Amino acid sequence: MFIPKVEEIKRRRLEAGLSRQKLSLLAGLPKNAVYRIELDQAGYTYPIRARALAEALHCEVEDIFTETKGA
């Protein structure tokens, strides 16, 4: 499981000129996924979702998430 670096995700999304919904769709996630992450309502994120967001933002997972130990 991964903990989102909320401010870094938001910064990269805005830098890319993407709305929350557009980023969610680019990552193949439900349209409110980024909204929930940026409001810190998501808590933990599954690895497959973390990878999808990183790919959509053209960065490494570690740039926008912290991996939890033992999850």
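Residues numbered from 1 in each chain as written. Predicted model: local features only at pLDDT ≥ 70, side-chain atom pairs only at ≥ 80, totals over all residues. Heavy atoms only, no water.

1. Overview of the confidence of the model for the protein chain
- The predicted model of the protein chain has a mean per-residue pLDDT of 93, with 96% of residues at 70 or higher.
- Taken element by element, the predicted model of the protein chain shows its lowest mean pLDDT in helix H3 (residues 33–38) (92) and its highest in helix H5 (residues 61–64) (98). (pLDDT = per-residue confidence, 0-100. Helix = DSSP H or I, 4+ residues; strand = E, 2+ residues; numbered from the N terminus.)

2. Side note on helix H4 (residues 47–56)
- Considered for burial, the residues of H4 that qualify are Ala50, Ala52, Leu53, Ala54 and Ala56.
- In the core, the buried residues of H4 are packed alongside strand S1 (2–4), helix H2 (20–26), H3, H5 and strand S2 (65–67).
- One or two steps after H4, the chain reaches His58, where phi turns positive at roughly 55 degrees. (Buried < 20%, exposed > 50% of the residue type's maximum accessible area, 1.4 Å probe, protein only. Contact = heavy atoms within 4.5 Å.)

3. Re the packing of aromatic side chains
- Here the structure, examined in full by the defined rule, presents one aromatic pair.
- Ring centres 6.2 Å apart and planes at 75 degrees place the aromatic pair Phe2 and Phe65 in the edge-to-face group. Residue Phe2 is found in strand S1, and its partner Phe65 is found in strand S2; the two are separated by 63 residues along the sequence.
- Here Phe65 falls in the buried class, since its relative accessible area comes to 2%. (Phe/Tyr/Trp six-rings, centres within 6.5 Å; stacked < 30°, edge-to-face > 60°.)

4. Here's the deal with the pattern of salt bridges
- For the structure on display, the rule yields six salt bridges.
- Between Glu15 and Arg11 there is a salt bridge, with the nearest N and O atoms lying 3.0 Å from each other. Remark: Arg11 and Glu15 occur in helix H1 (residues 6–15); sequence separation between them is four residues, near one turn of the helix.
- What makes Glu15 exposed here is its relative accessible area of 63%.
- When its relative accessible area of 39% is taken as the criterion, Arg11 is described as partly exposed. (Salt bridge = Lys/Arg side-chain N within 4 Å of Asp/Glu carboxyl O.)

5. Remarks on the nonpolar core
- In terms of nonpolar packing, the biggest core is built from 19 residues, with Leu23, Leu53, Ile64 and Phe65 touching the most fellow members.
- Counting only elements with at least two residues in this core, the list comes to H3, H4 and H5.
- The leading source of residues in this core is H4, at five residues. (Core = buried A, V, L, I, M, F, W, Y, C linked by side-chain atoms within 4.5 Å.)

6. Re H1
- Along H1, the residues classified as buried are Val6, Glu8, Ile9 and Arg13.
- In this structure, the buried side of H1 is in contact with S1, H2, H3, H5 and S2.
- Of the residues one or two after H1, Gly17 is the one with positive phi, at around 70 degrees.

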